[in-house]
Amino acid sequence: MTKQDDPIIIVRDVHKWYGDFHALRGISMEVSRGEVVVICGPSGSGKSTFIRTINRLEEHDRGEIIVNGIRLTNDVRNIAAIRSEIGMVFQQFNLFPHLTVLQNITLAPIWVRKRPRREAERIAYELLERVKIPEQAHKYPGQLSGGQQQRVAIARALAMQPKIMLFDEPTSALDPEMIKEVLDVMRELARSGLTMIVVTHEMGFAREVADRIVFFDHGEIVEENTPDGFFQAPKTERAKQFLAKVLSH
Amino acid sequence: MTTAIAPAEGAPASQVKRPVIERGVLAWLRRNLFRTPFDAALTVILVAVGGSLLAQFLEWSIAQADWTVITTNFRILMQGTYPAEQGHRLGLSVVLITLLAGVSWGIWGKLFRATAFAFVGGVLIFVLVPLAAESLADSPRGTFGGYVSGQLAPLFSLLRDPVLLLVGCLLIGYGLGRFAKQIDRKRAGRYTLIAWFISIPICFVLVRGFSDADGILPVVPTSRWGGLLLTFMLAFVAIVACFPLGILLALGRMSGGTRKLTFKAPPRWWLNPLQWLRALSIWWRNLGNYPIIKLLCIIYIEFLRGVPLVTVFFTANLIVPLALGDNSIDAVVRAMVALTLFEAAYIAEIVRGGLQALPPGQLEAAKALGLSPVQATLFITLPQALRIAIPPLVGQFITMFKDTSLVAIIGLTELLGVSRAVLAQSEFIGRHRELYVFVAIVYFVFSYGMSYAARQLERSGSGAIRKIG
Amino acid sequence: MADLAKRFPVRRFAFWRDVRFLRGAVQLIVLAIVIGLAIWLINNVNQGLARARIPTDFSFLTQPSGFQIDEGLVDQPHKRTDSYANAFAVALVNTLRAVLVSLVLATLLGLFIGIARLSTNFLARTLALAYIEIFQNTPLLLQLFFIFTSILLTLPRATEPIVLPGPSYLSSSGLATPNLIPTETSGWWVLLTAIGIGVGVALWRRLRTIRLETGRTTYAAEIGLSVMFGVGILAWLILQPFTVDFPALGRFGYVRDRGAIVSANFVAIVLGLVLYTSAFIAEIVRSGIQSVPIGQWEAARAQGFTYGQILRLIVLPQALRVIIPPLTNQYLNLAKNSSLGAAVGFAEVFGVARTMAQSVSVVPIMVIVMGIYLALSLITSAVMNVLNARFQIKTR
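This text gives an overview of the structure that appears in the document.

Calculation criteria
Residues numbered from 1 in each chain as written. Chains lettered and ligands numbered in written order. Predicted model: local features only at pLDDT ≥ 70, side-chain atom pairs only at ≥ 80, totals over all residues. Heavy atoms only, no water. Helix = DSSP H or I, 4+ residues; strand = E, 2+ residues; numbered from the N terminus. Buried < 20%, exposed > 50% of the residue type's maximum accessible area, 1.4 Å probe, protein only. Contact = heavy atoms within 4.5 Å. Areas by Shrake-Rupley, 256 points an atom, 1.4 Å probe, with all protein chains shown as cover. Lys, Arg positive; Asp, Glu negative; His and termini not counted. Charge placed at Lys NZ, Arg CZ, Asp CG, Glu CD. Patch = residues over 30% accessible without salt bridge, like charges linked within 9 Å, V, L, I, M, F, W, Y side chains within 5 Å. Salt bridge = Lys/Arg side-chain N within 4 Å of Asp/Glu carboxyl O. Pairing = 2+ DSSP bridges. Polar contact = N/O pair within 3.5 Å; in protein donor to acceptor, adjacent residues only side chain to side chain. Nonpolar A, V, L, I, M, F, W, Y, C, P; charged D, E, K, R; others polar. Phe/Tyr/Trp six-rings, centres within 6.5 Å; stacked < 30°, edge-to-face > 60°. Lys NZ or Arg CZ within 6 Å of the ring centre and 35° of its normal. Core = buried A, V, L, I, M, F, W, Y, C linked by side-chain atoms within 4.5 Å.

**Focus: the overall build of chain B**
In step 1: Within chain B one finds 17 helices and zero strands.
In step 2: Counting all 469 residues of chain B, 43% fall into the buried class.
In step 3: Considering only contacts in chain B between residues 6 or more positions apart, those separated by 24 or more positions represent 74%.
In step 4: Looking at chain B as shown, the accessible area adds up to about 24,700 Å², and 69% of this sits on carbon and sulfur atoms.

Right, dumping it as structure tokens:
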């Protein structure tokens, strides 16, 4: 994994308010190319809000976000450019139920990147092979299992050939027996050198794949460490409490 | 309340039959009509009341009713003052629409055996009664025979051809639809939808015409449309026009996000003008990213949903020609404009309900993929929202069909209005019961038929939605 | 952040690419189009009205109206010399009378038929279904015309009316029912009954609390109820707060000031509205009851409740949550449908406005009429929304 000099994501002192509620309090972080960052923390700590500000699904109220050299502002061109560099996978899959799997994957390449249909379908089939469900191409999402749907969602995000992939609790809505197949796909993606930011509770996965663990609590980054450092020797009290709860069951 | 009867000694269990009193007509009667003493009393009362009502109706129908008011005025009731020699154009339109309806039924619905029997039975009645009447032609008035030959037969023989045409086209279309469904269901469905979209303008052109008196399709101005024809044309035009307007209004009302800020009210907040400012600012921010558009849509929708339709008709009657600067705009066109604007507000609310039923993640996924707002709406939110909204939408279309009757209050002569004009004629004064019963049956047949179709659509639609998750 | 500013200089991007500007621009364009259209249309209308010399102000309201209205709460509520404003007021009162009475009756009838639709008795189910289908699938205006010609016009003269229990009389002059007339003691009766109800409820709760805490039987419900009703009944017998005024038949019809008399047109519009709207309410009630999961019925049956108790205590309260929004819709429809009163000769707002339109310009009249209906709709919506909020099941 070669890392270039400039970090691909720079976040400096980002704040966000929902009315009077201070959701993000001065987040600062840098992500290098090819790095896999796992974000964990109790619910309501601002993890999802944070990664959604990176691709402008939420607007940050103060601070700087710079993605691949492009500053995230109110400029529509910047927003569109940044969104085309970032792919996102949601907890609820959010596949489009009225389109087939193939149509789900080819929709954005055809209409946003303006690729011809043949080429978009070729890319789609390759991605379906990569997530190991090529035979489902003409089914509708409602006919697939949860694990299959999430893998299609990953393929759909990859179809735009993003440099960064954001995962918002990708396995939290899955039945236990299907978590492994999705994590396998994510492991393969990490090995291939993709920059990934993953919000998850899957500590086994984090330990194995992450380059860095970031612990959020109450809208702040409380602790940042390598996986081994974080799990074996958490530095702060809050991190210790959180780990005790998560690792005990 | 089953009572078990022990089998006779030595008889194997498989030979034990349900006791007679548990099956058959008696069992059904017991379960449905005489379950408890209270139930039995209720049954007796209902039979008495219902029976006497039915007997009164039959007695009136046979002895006192004079159905010639319908047979003599049939053309006016059906098409108003539409020229008789151009009637074939109307017939063509009816065939087109009914065929399409049949095809749609074949593709998306199911023909139950009971319905098929009902159809065949109904048609047979219309065919056999006039035939039977010929053998009873000499029966005197007042007897059942006289009634059949003098009253029912002319009416039924008049209705026989339209009914045969309708039912025939419906069933032929059904056959075509089922056949097409076997071949390629999706493409059949898509072509049928396209056919519906182009058939309504085609009907409009067929009915109205475009050339002068000697050409192929001479113009029949809207002022000559009347009766059932006018009812259908009003409804069709309004349905086709209000649908896109309603969708635009719904999108406008839903524009700009749905994050809600709550106003935490300190005690006695209304005394403090600063709190009023805070409340106002929170209300404004809650309007989202496009407050002006949202406000305009809300004002339009709430205004038109708060006033009765007759007031809109009445006002439009005066205002539309003035507003467009053209005094020659026909009353029918004014009514169409009024009905379209009015119903668009209701359609907007129904579509908005569909939009709100969508999981918000759909729009987020579309945005994350980079789709522009227009693309996201066209490809993702609207198709799904409309699919969800189909049952209440069809219900609203049926209501619109009935609402056309209100133009009678501003003097237009659709089916209800023209019946009043017919009744005003001196030879038909007092025959209001017969005419209104007939008009009620006509409305009932179409309205019930459309809601039956809507229920079938709902059943197949929800199945489809189950399939697509 | 100075290092950031150096490495990634902030480029002043063109304002037409700013998201906020685009949003504002889109709105401004839409606003401009709408306002432009509105101005053009209104201008046309004004010109047309001026050309036809039709006045558009509200000054007519104080002028004498030139027509009279016989329908109302009092005798001769509006005479020829009364102002147009008075005519509107009388018409509004009539609309409210018709709407309120129809609302209550339609709800009761709809509730009854909706429950009948779910009965185990085949006849009850079928007759209810027939009723619903017939009244839902025919237009209201047609039903009103039918009622007018076939019922209203066939009513007998007041000298030989149809006699109903009461005694009440139904004829072409209207419906005369016995009337309760308050006497001087009725105020005291109301006060005493209110006190009695309050004391009864307080006693009930107190006794119930005692029973829950100590387990002693206290007959809370029986005592509470008997106090509540007993005081009212006792006070009635002692005070005689109301006298009953029976309608009487004179030589030319109903004797004035005897009994409560409503016009036949009122009866007709109420009948039409009730029959039509109750069919829709019945369907709403039916689907509301069916929306309660069947497990609720089973659990209640297993505990030994009777059918009536289950309906009253368990199913209907839950069904109400689903019923209230569409019921609100039907109430609004009923209020707006009252505008068809002219079809049965009832002097409600729209009918009176049409009469006015013969001598005064239509525009201000329609503004007032639409304003009245809008206010009616908004008030009804607001009230029903409060009710709706109360019945929502609280979730996390």
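**Observations regarding the overall build of chain A**
In step 1: On a plain count of helices and strands, chain A comes out with nine helices and ten strands.
In step 2: By residue count, 60% of the 249 residues in chain A fall in the buried class.
In step 3: Across chain A, contacts joining residues at least 24 apart in sequence account for 64% of those joining residues at least 6 apart.
In step 4: For chain A, the computed accessible surface area is about 10,300 Å², with 46% contributed by carbon and sulfur atoms.
In step 5: Between the mean site of the 33 positive side-chain charges and the mean site of the 33 negative ones, chain A shows a separation of 4 Å.

**Thoughts on a nonpolar patch on the surface**
Residues and elements named next belong to chain C.
In step 1: Residues Leu 180, Leu 225, Phe 229, Ile 233, Leu 234, Trp 236, Leu 237, Ile 238, Val 244 and Phe 246 make up a contiguous nonpolar surface patch of roughly 1,000 Å² in combined accessible area.
In step 2: For the nonpolar patch, the element with the highest residue contribution is helix α7 (residues 220-239), accounting for seven residues.
In step 3: By the element assignment, Leu 237 lies in helix α7.
In step 4: Owing to a relative accessible area of 58%, Leu 237 belongs among the exposed residues under this scheme.

**Some points on the pairing of strand β3 (residues 36-40) of chain A**
Residues and elements named next belong to chain A.
In step 1: Most of β3 sits out of view: five of its five residues are buried.
In step 2: Here β3 shows a buried face lined by Val 36, Val 38 and Cys 40 and a second buried face lined by Val 37 and Ile 39.
In step 3: As defined by bridge partners, β3 adjoins strand β8 (residues 195-199) across four bridges and the pair is classed as parallel. Paired with Val 36 across the two strands is Met 196, which belongs to β8.
In step 4: Across four bridges, the pairing between β3 and strand β9 (residues 212-217) is parallel.

**What to know about the environment of A:Pro7**
Residues and elements named next belong to chain A.
In step 1: By secondary structure assignment, the location of Pro 7 is in the segment before β1 (9-18).
In step 2: The class for Pro 7 is buried, based on a relative accessible area of 13%.
In step 3: Between the alpha carbons of Pro 7 and Val 31 there is a distance of 5.4 Å; along the sequence they are 24 residues apart.

**Some thoughts on the interface of chain B and chain C**
In step 1: The interface is formed by 53 residues belonging to chain B together with 48 residues belonging to chain C.
In step 2: Summed over the shared surface of chain B and chain C, the number is zero salt bridges.
In step 3: For the interface between chain B and chain C, the tally reads eleven residue pairs in polar contact (both at pLDDT 80 or more).
In step 4: Listing elements by their share of the side of chain B that touches chain C, those giving two or more residues are α1 (24-32), α2 (37-64), α11 (291-306), α12 (309-323), α16 (415-424) and α17 (432-467) of chain B.
In step 5: Examining the composition of the side of chain B that touches chain C, we find that twelve residues originate from one element, α17(B), more than from any other.
In step 6: Among the residues forming the side of chain B that touches chain C, the class breakdown is 33 nonpolar, eleven polar and nine charged.

**Quick word on the pattern of salt bridges**
In step 1: Taken as a whole and judged by the stated rule, the model has 22 salt bridges over all chains.
In step 2: A salt bridge links B:Glu364 to A:Arg52; the shortest N-O distance between them is 2.5 Å. Remark: A:Arg52 occurs in helix α1 (residues 47-54) and B:Glu364 occurs in helix α14 (residues 361-369); the pair is interchain, linking two chains.
In step 3: A salt bridge links A:Arg115 to A:Glu119; the nearest nitrogen and oxygen atoms lie 3.8 Å apart.
In step 4: Relative accessible area serves as the criterion here: at 23%, A:Arg115 is assigned to the partly exposed category.
In step 5: According to the relative accessible area criterion, A:Glu119 is partly exposed, its value standing at 28%.
In step 6: Here the salt bridges do not stand alone but share partners, grouping A:Lys180, A:Asp184, A:Arg187 and A:Glu208 into one network.

**Section: unusual backbone geometry**
Residue and element names in this part refer to chain A.
In step 1: Phi at Arg 56 is positive, roughly 65°, even though this residue is not glycine.
In step 2: Mapped onto the fold, Arg 56 is located in the loop between α1 and β4 (62-67).
In step 3: For Asn 94, which is not glycine, the phi dihedral falls at a positive 55°.
In step 4: If you trace the backbone, Asn 94 turns up in the loop between β6 (86-89) and α3 (101-111).

**Quick word on the sheet that holds strand β2 (residues 21-31) of chain A**
Residue and element names in this part refer to chain A.
In step 1: Strand order in this open sheet of four strands is β2-β1-β4-β5, and the pairing throughout is antiparallel. The open sheet has two edge strands with one neighbour each: β2 and β5 (70-71).
In step 2: Judged from the five bridges that link them, β1 and β4 form a sheet pairing that is antiparallel. Bridge pairing in β4 links His 15 to Arg 62.

**Thoughts on the pairing of strand β2 (residues 168-171) of chain C**
Residue and element names in this part refer to chain C.
In step 1: The alternating pattern of β2 places Ser 168 and Leu 170 on one face and Tyr 169 and Ser 171 on the opposite face, and all of these are buried.
In step 2: Summarising the sheet, strand β1 (residues 162-164) and β2 pair through three bridges and their orientation is antiparallel. The residue bridging Ile 162 from the neighbouring strand is Leu 170, located in β2.
In step 3: Between β1 and the antiparallel strand that follows it, β2, lie three residues; Gly 166 among them carries a positive phi value of about 150°.
In step 4: Sheet topology note: the β2/strand β3 (residues 174-177) ladder contains three bridges and is antiparallel. Paired with Tyr 169 across the strands is Ala 176, a residue of β3.

**Overview of helix α5 (residues 140-150) of chain C**
In step 1: Within α5(C), nine of the eleven residues are buried, leaving the element largely enclosed by the surrounding structure.
In step 2: Among the residues of α5(C), those classed as buried are C:Leu140, C:Leu141, C:Leu142, C:Gln143, C:Leu144, C:Phe145, C:Ile147, C:Thr149 and C:Ser150.

**Quick look at the packing of aromatic side chains**
In step 1: Here the structure, examined in full by the defined rule, presents 26 aromatic pairs over all chains.
In step 2: Measuring from centroid to centroid gives 5.0 Å for B:Phe232 and B:Phe446, while their planes differ by 85°, and the two rings are edge-to-face. Here B:Phe446 lies in helix α17 and B:Phe232 lies in helix α9 (residues 227-253), a separation of 214 residues in the sequence.
In step 3: An aromatic cluster of at least three residues, connected via ring pairs, comprises B:Phe232, B:Phe236, B:Phe401, B:Tyr443 and B:Phe446.
In step 4: Sitting over the ring of B:Tyr346, B:Arg305 keeps its end group 5.6 Å from the ring centre.
In step 5: Just above the ring of C:Phe266 sits the side chain of C:Arg97; from NZ or CZ to the centre is 4.6 Å.

**A closer look at the nonpolar core**
In step 1: Counting 159 residues, the largest nonpolar core has B:Ile70, B:Trp225, B:Phe313, B:Leu416, C:Leu141 and C:Ile365 as its most contacted members.
In step 2: Beyond its immediate stretch of four places on either side in the chain, B:Leu416 contacts B:Ser405, B:Ala408, B:Tyr436, B:Val439, B:Tyr443, C:Leu141, C:Leu142 and C:Phe145.
In step 3: If you look at the next biggest cluster of nonpolar residues, it comprises 51 residues, including A:Ala124, A:Val131, A:Ile154 and A:Met196.

From the geometry alone we can't say anything about function, so treat these as descriptive.
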